[in-house]
Structure formats: structure tokens, C-alpha cells
Amino acid sequence: MSSQGGFGQSKEFLDLIKSIGEARSKAEEDRIVLREIDTLKARLSSPNITKFKLKEYLMRLIYVEMLGHDASFGYIHAVKMTHDESLLLKRTGYLAVTLFLNEDHDLIILIVNTIQKDLRSDNYLVVCAALNAVCRLINEETIPAVLPQVVELLGHQKEAVRKKAVMALHRFYQRAPGSVSHLISNFRKRLCDNDPGVMAATLCPLFDLITIDVNSYKDLVVSFVNILKQVAERRLPKSYDYHQMPAPFIQIKLLKILSLLGNGDKKSSEQMYTILGDIMRKCDSASNIGNAVLYESICCVCSIHPNPKLLESAADTISKFLKGDSHNLKYLGIDALGLLIRISPEIAEQHQLAVIDCLEDPDDTLKRKTFDLLYKMTKSSNVEVIVDRMIDYMISINDHHYKTEIASRCVELAEQFAPSNQWFIQTMNKVFEHAGDLVNTKVAHNLMRLIAEGFGEDDNTADSQLRSSAVESYLRIIGEPKLPSTFLQVICWVLGEYGTADGKYSASYITGKLCDAAEAHSTDDTVKAYAVTALMKIYSFEIAAGRKVDMLPECQSLVEELLASHSTDLQQRAYELQAIICLDARAVENIMPMDANCEDIEIDKNLSFLDAYVQESLEKGAQPYIPEDERSGLSTSSNFRSQDHESSTHALRFEAYELPKSSVPPKVPSVLSSSVELVPVHEPSYVADFPQPATSALTVSNSGSSELKLRLDGVQKKWGRPTFSSTTPSTSSSDTFESNNGTTRHESISSTKSKVHDVSYDSRKQQPEISSEKQKLAASLFGGASKSDRKQSYSGQKVSKTNSHGADKSDLIKAASSSDTAAVIPTSQPPPDLLDLGEPTVTSSAPSVDPFKQLEGLLDPTQDTTKLSSSGVSVPNAPDIMSLYADMSLSGQSTTVANPPPNAIETHLAKQPSKGPNVQEFLEKDALVRQVGVTPSGQNPNLFKDLLG
């Protein structure tokens, strides 16, 4: 030990550790570490560094790495140190590389050979260091390089080597199970190893294997029981004891394995009863590790085939946990009690006062675990007390995630154990009111489904009472401010379905309430949609009953507002409402039948009702339908437009372009041939985005086919005076899409819980000084003489009401057909002559627009290409490249533009004004465009092959 400091390290190293520990802030610590990094970089670059100094520097690098800074500049020195012959330096190098590197690091390949060499070393300490590195650094690709040597080390004479070899094989199994699947039997052999450490290491891979396939290891039950018995009887060396407990971690792992092997197997469980009873009787509960073994024993008893004596011992142990002063022990007791009541529900009554104490404990974690227990032990006699407690707790917390979970549990318990319809509706109102929009949408769907299907088994009176109670409750609540959107949807649906069913409330009163709710939540389109659909149902029921419908002024104004809404869904609902009011009673009764939301809807997928019409059309000469799988593709662009236009805008088409018509253009001068290649651009792709000159408008045939022309909108002519073609805005055809009426699909209600038995409370021990309020609460939670009969799930209650009760009745109404917006076709004009050298008829002072800049805009659709000209006219954004591609693939021919005589071009270029683009600038732009891949090549240019690379 040096005079400067302890542990053989330099004073500089010890000062570094001291300064890091005394740092008062993260910024100060970072300054110390950054200064140390600079020092280490300088020291490690020195050629005369000694090996022991290098060892210290690597240890300092480990500190740097642990504090979150980059020490990659020293990784290679750690790798080099693993090659050293000195045991101390080699182990230091292996320690450093296992901390610095991961299995996918590039430097791993440099230490594989070293690991192979060290695995064959005569020094078992070197072998152990190499096995440690194997567990951390060997990946799936390098496993075959070391696997044979690791398997050979399973028979090493040193127990430490055998233990680490088992751990390495386990690691190989976790990373690549297929690489060691043929070596699984080695784990069975090592289970019988003479050394307890090797046996304990084997338990971990066997636990993973048993979890995947229990039946293959049933024959090991006797072996595991014998090992556990020897451990419990303290036959292992004293070195395995922990706080006077004999090998507690081995006991816990064995108990976990036995719980898997004995689950649902009576024969295997019977072999475990004796040793489990001995452990629970002899285990010391004065220490935490002893309580951990007891808890794992209870879990094992609850998992295997039940035994009355063991269950009683488990209940006594749970009682000790619940009576303990430590919150950790109470938590264990509540958790273990939750496992035990699934086998013996009456055990919970023995600990009812302790459970209530945990429920009132200020520890939030313990309180949540207690609510989990109460949720499991709920029955019809205590559901009101438990749900009320849950709702009170839900109101008091701010954790949105747990609030959502509590709300869902309250709804589930209310659905299964509701003592009365009135209580059920009030409970649902509290949950929605306090949980707000945190309540899962499925909860709202389940509530609507439950009200629609009813509680009673074919008891219409009980169903009517439930619905009437819901209507009365919701009419009182609907006027309150700040109601959650989900709750308002439920209210509107219930009022629309059953608001006038019992005749207690008039249609005018209900519709007025609905209109008020829609106006109060004018920003919520979903609530307005539900309100309009509810209005449609109420008016339909009135018309079907033969009563006159008088729409209130506020309802009329709401409908008129929605007719002009930006939401197509709201528009459609409003139009459907107008259409239904104009129908007679018989038609409305067929369209919107009363209380038919749970009836089956038979769907004829083959559309057999059209067979007669199809046959008649075929006899008249109509073309037969060709199935989609038999179609070879659409031959003409007109068919493509009429049948697959919508789908083509969402997918690429891979049909080849047609070859151009054979035409031999005149020879083009070198300037044009080297810098200009005409790119065909489809007219409809630009018609909605760029101004179009009247002289260059393209004629589109009625069949939808179009001709590819060069776009000249706002493009400066290259020959003649610098002019611009006059622009005339054109209107593109737009398709009107109708959105289907969005309807709420009701989810199936939660599945039923298993039955629990209600046993009257009989306290075994007298509790001194128990308040009357606590006794009353205990009687409410655990008492009751009724057998706990859980109600069956409502999803299977009525035979005639199935899951597919369909959407809202508004789905059955067809919206009034609206005519498509007619496309404004530009007047047919002959294609402009690009090489016209004459004087233009119309001139403009707008600045020039480079056509290649427009094409560059196509390359990046997200780029904002809107620019204002000097005259104040804006050019819209470039069109979507995918829609352009879909339109480009329609055309089967390319436009061929005649080339001018060479002398005319040369004459014009000589007279070109200075303010126009000169030849040099033109060539530079062309080179830039070619570089980004815009200019197509070949006689038949494939534009988007060049654009998309």
C-alpha cells in the first residue's frame, strides 16, 4: 500500500473519488469528470505508460462511464489488457470490457479469440473471468465459437467453473434457444451436482424450461421436494445461511418451481404437502427474509391442489401479516389474502377488521391493494358499500390511469351485483360525472347495451322500469354544465330510444332538452350527432304512432345549422331527419321500428334479391359481371376513371407506359438537344393548382381520356420576345363524397364472474375496543345471509338479443342523392406552337416562372411553393405527386412537339434581350435539374421513374 492512499491506488485517483462524492451539484460533478477525461486522454496517448498505471486509468474510465460520460476513447486499451498474461491485469481488462461493451459492439470480434484461449487455461480463475465475459458479450452469431468449450467445462473439477458454465448455458438459451436445445439434458444432470452452488444455478434455467413446458418435467417433482427438504433441515453448509435462514433464496426458487408443477395436478401436489407444512411451521417470521419465504409458501399452497390443513396454516400466517405494524407486512397479507379467497372465500371474514384498517390507512399503495382485494370478494350483499367506497376514493385521487381503472371496476360490479335498477342508474351517473372522459368508451357502450337488453329474464316490466328510471335521471342531469362528452352521448341515446316510451314525457319536452344540450355543446360534433339522431328517433316514433309532428323552432334552427355544417356526417344526419319527417307512417315504421336496437339484422352478402333484375338485364344484352380475381386489368383510361379512380389515388400503378407513335422529328440543334427535353405533364393534375391560358386549354373527352400536352401556364417563351401567355382560371371537376352515418357500435358486456358463497360472519376472537361504526362497516362488507349468486352476463341473457344488434336506426335511411359537381371543361383550342416566333396577342408584365422550378416542386410535395407575383396573383401549392402519378398512368400517348429549323433558333438566341434568361443560365439550370433526376431519358420518357429514383 502506497503512502499516498489506500488500496494501492495513487493519491490522484483517491482525490478524484473524494471530489466526486463532495460535489454539490450536477454541474460541478460534470466539470470534475470533463477535466478527468482530458487528463486521461493525455495520459493514455503516452507511449511509455506502465501496465499498472494503465490498470488505474481503466478504473478511472469506469468511473467516467458510470457517471454518464463518454469513455469510448479508452475501450481499445481495455480490450488490449484482456490479452495480458498477468492474472490481475487480465481480470481488470475483462471487468472493463464487460462494463464498457455490449454484445453488438464492433470490438467484440477482437476478444473472441482471447476468450477461446482463456477457456482452455489451466488457471480456473482465468477460466472464470472468461466465462463472466461470455455471459455478457457473446451474441447469437458468436455462440457456436465458444459453445463446445463451455459444455466441456460443465465437468470441470472446480465447482466455481461448473457453476459459471451452467450460467453461460442459461444465457445462451435466453439469447438463442435453438443453439442449445440439444443440451437441455445437461441441466438435469447438474441438478444432482454435489456442490449446492451448482445445483442452485441450475434451478434458474429449469424454472424457465418448466414455465414453457410443465409436463416434460413432472418426473422431477420428487427431486425438487427432496432438495427442498434438505435445505429446510439445514443440511447445507452454514455459508448459505442468510439471517439465520437456511439458503432462503434457494427455497424461494424451489417453491416457485413446485407451484408450477403442482398446479392442477393432485398426484404431484400430494408429494409436496408435508414439506410445505414443515416450512410454514418452522419458518422464522421475525426477519424480512423469513416472511418472504412464508409468502412464497402461501403462493405455492394457493397454486397447487388445495389441502385444508395447509389452507388453515396459510390463513394463520396471513393473520400475522395483517396484524403487523409494518406496511410491507400488511401489503403481503392483503396480497396473499387475495390469492386465498379464490379457493376459500369465507377466510376473508376472519380478517374483516384488519381489511377495514388497511382501507382507512393513509398509505396509498396499501389502500389500492385493499381495493383490489375488495373487488375480488364483492357479492350481492356488500356491493353497495364496496362500490360507494371505490367511488369516494376515485373522487379523491388525481391519478388518471388509476381513476380509469376504478371507474371500470365500479361499472363492472354494478352490472353484476346491482340490487335495484334505481341504484344501478345512480351509480352509473356518479361514475360518469366524476370520472369524466377518463371512462373508457366501452363502458358507455356496455351501459347503453345493458339498458337496451334489460335486467330481467324476459321480464318486460323490469326492463321498462329500468329504462324509465334512466330517462328520469338523465332529464335531471342533462341541463347541468360541464358534463363529459361520453356521458352526454349516453344521455342522448337513452332519451332518443326511450324518452317517450312510457308516455310520461311528451315529444316536445324531450326534443327541447336535446336541442338545449346540442346548443350548449356546440363545439362537440359527436354530441350534436347523437342529439340529431335522437331527434330523428323521437319524430319517427311519433309519426309511426299516427301523431302529428310539430318541430320546435329551436329544433328547426338546429337542423338548418347542421345542413350547412362543415361535417359531412352532421349534414347527412340532418338531411335524413328532413327526409323522414316527410314520409308516411307505414314507411317510417319500417325504417325505424320501435325498440329494435337489439334485434338481429340478417345480411345477404350474395345480394340474392337482385338475381331477377340481373337475369332480366342479361337477357336484354347487358354485359355479365366479371369477378375481380378474373379481371386482367383495365384496358382504357375511361374504364379506369369510372371504376377505380378512388382506389388508384391511394396506390401506385405499375403498368408500363405505351410506346409513343412513330414520328421522326427534325434534327434539333445541339443547344436544344443537350439542354431541353420535353416532359409530358398531364393536364388534370395541374388544372386545380396553376392558372391556365385559354389558348392552351386541353380538350377532355366525355369518356375521361385525355391527351398529354406541355403545360405553358405563365412560362416565358424561349424564342421571340419575352412574353407570357394570358392566364384564364379553370375549374377542375370535384367529386362529392358522402360519409356514412356514423353509428355507435355497442360492445359486448363484460363476462360473468365465478360464483362466491356468502357465509354469515362469525368472529372467532373478540376484538377489544372496536367502535360501533367500524363494526357496522364490517357487517356491510362481510356479512349477509344470502348465497352469493352472481348474475349472469347480460350478453347471453336474452336469446333474441344478440351481440350484433347493429348500429343506430339512422343507418337504414338513405341520404338524398346529390348530383356531382359538374366539371368545367376548358374550351377546345389547338395546342399552342412552342416555336411560334410571331408577335403575341396578349402580353403581361408578370415575372418569369421557370418550368423546371415547377418540376422541382413536384419532387418535394411538402415544400411550400406559393409565391406572389408582382401583380398580386398567387400560385397555389404544387399538386400531390401520387395523384399526379395516378393521372399520368392514364394516358397512352405522348405529345410530340415539332422542332424549329436550326437557323431560326440561332437567329433568335443572338437577338435575345438581356433581361431574359441567357444560354449559360439555361444550361446551368438544366445541369441542376439533371442532377436531382428530373429530366427523363429515352424516346419514351418515364417521368416518375426519374422523379422517384
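Below: a short report on this structure. Fair warning: this is a prediction, and the values are worked out from it, not measured in the lab.

The rules we used
Counting of residues starts from 1 at the beginning of each chain's written sequence and follows it residue by residue. Thresholds applied to this predicted model are a pLDDT of at least 70 for local features of residues and 80 or more for the giving and counting of side-chain atom pairs; totals over whole chains, interfaces and linings are not thresholded and use all residues. The basis for every side-chain value is the complete set of non-hydrogen atoms in the structure, without hydrogens or water. Any Lys or Arg side-chain nitrogen located within 4 Å of an Asp or Glu carboxyl oxygen qualifies as a salt bridge. Secondary structure is summarised from DSSP: a helix means a run of H or I of at least four residues, a strand means a run of E of at least two, and numbering begins at the N terminus for each. Buried, partly exposed and exposed residues are distinguished by accessible area as a fraction of the type maximum, computed with a 1.4 Å probe on protein chains only: under 20%, between the cut-offs, and over 50%, respectively. To estimate how far a helix should extend, the number of its residues minus one is multiplied by 1.5 Å. Contact definition: two residues touch when any of their heavy atoms are within 4.5 Å. Centres within 6.5 Å are what make two rings of Phe, Tyr or Trp a pair, Trp counting through its six-membered ring; a difference in plane orientation under 30 degrees is then read as stacked, over 60 as edge-to-face, and the rest as tilted. We count a charge as sitting over a ring when the NZ of a lysine or the CZ of an arginine lies within 6 Å of the ring centre and within 35 degrees of the ring normal. Charge assignment in this entry is limited to Lys and Arg as positive and Asp and Glu as negative, and neither His nor the chain termini are counted. Distance and chemistry together define a polar contact, namely a pair of N or O atoms within 3.5 Å, with one atom able to donate a hydrogen and the other to accept it when in protein, and with adjacent residues in sequence counting only for side-chain atoms on both sides.

Looking now at the pattern of salt bridges. Counted under the stated rule, the structure contains 31 salt bridges. Taking the shortest distance from any N to any O, the salt bridge between Asp-219 and Arg-188 comes out at 3.0 Å. You can see Asp-219 sitting in the loop between helix 11 (196–212) and helix 12 (221–232) and its partner Arg-188 sitting in helix 10 (residues 185–191), a full 31 residues away along the chain. Residue Asp-219 is classed as exposed on the basis of its relative accessible area, which comes to 51%. Looking at Arg-188, the relative accessible area reads 27%, which means it is partly exposed. The salt bridge involving Asp-278 is made with Arg-281; its shortest N-O contact spans 2.5 Å. Of this pair, Asp-278 and Arg-281 both sit in helix 15 (residues 273–282), three residues apart, which is roughly one turn of the helix.

Turning to helix 16 (residues 288–303), a few remarks are in order. With 16 residues, helix 16 ought to run about 22 Å at 1.5 Å a step, and its terminal C-alpha atoms sit 23 Å apart, in line with that. In terms of residue burial, helix 16 counts as a mostly covered element, since 13 of its 16 residues are buried.

A few words now on helix 24 (residues 441–453). Counting along an α-helix, one turn takes 3.6 residues, and residues three or four places apart therefore face a common direction. Over its 13 residues, helix 24 runs 18 Å from end to end, which matches the ideal 18 Å to within 8%, given 1.5 Å per residue. For helix 24, the tally of buried residues reaches eleven of 13 residues, placing the bulk of the element in the interior. Three or more residues of helix 24 are buried, namely Val-443, Ala-444, His-445, Asn-446, Leu-447, Met-448, Arg-449, Leu-450, Ile-451, Ala-452 and Glu-453. Packing partners of the buried residues in helix 24 comprise helix 22 (400–417), helix 23 (421–435), helix 25 (460–477) and helix 26 (485–498). Directly after helix 24, the chain includes Gly-454, whose backbone phi takes a positive value near 90 degrees.

It is worth spelling out the environment of Gly-333 at this point. Inspection of the secondary structure puts Gly-333 in helix 18 (residues 327–340). Residue class for Gly-333 comes out buried when judged on its relative accessible area of 0%. For Gly-333 and Val-355, which are 22 residues apart along the polypeptide, the C-alpha to C-alpha distance reads 9.5 Å. Every residue in contact with Gly-333, bar those within four places of it in the chain, is listed here: Ile-318, Phe-321 and Leu-322.

The next thing to look at is the packing of aromatic side chains. Considering all chains together, one arrives at nine aromatic pairs under this definition. Centre to centre, the rings of Tyr-242 and Phe-249 are 5.7 Å apart; their planes meet at 50 degrees, and the pair counts as tilted. With a relative accessible area of 53%, Phe-249 lands in the exposed category. Arranged with centres 5.3 Å apart and planes meeting at 5 degrees, the rings of Phe-432 and Phe-487 form a pair that is stacked. Of the two residues, Phe-432 sits in helix 23 while Phe-487 sits in helix 26, which places them 55 residues apart along the sequence. Judged by its relative accessible area of 1%, Phe-487 is buried. Among the aromatic residues, those joined into a cluster by ring pairs are Phe-371, Tyr-393 and Tyr-402. If you follow Lys-253 out to its NZ or CZ, it ends over the ring of Phe-207, 4.7 Å from the centre. Seen from the ring of Tyr-402, Arg-368 lies directly overhead, with NZ or CZ sitting 4.2 Å from the centre.

The topology assignment puts Asp-195 in the loop between helix 10 and helix 11. Here Asp-195 occupies a buried position and makes no salt bridge, while the nearest side chain of opposite charge, Arg-162, is found at 5.5 Å. A polar contact of 3.0 Å, which involves the side chain of Asp-195, links it to the backbone nitrogen of Gly-197. Within polar-contact distance, the side chain of Asp-195 engages the backbone nitrogen of Val-198 at 3.2 Å. Setting aside residues no more than four positions away along its own chain, Asp-195 makes contact with Glu-159, Arg-162 and Tyr-240.

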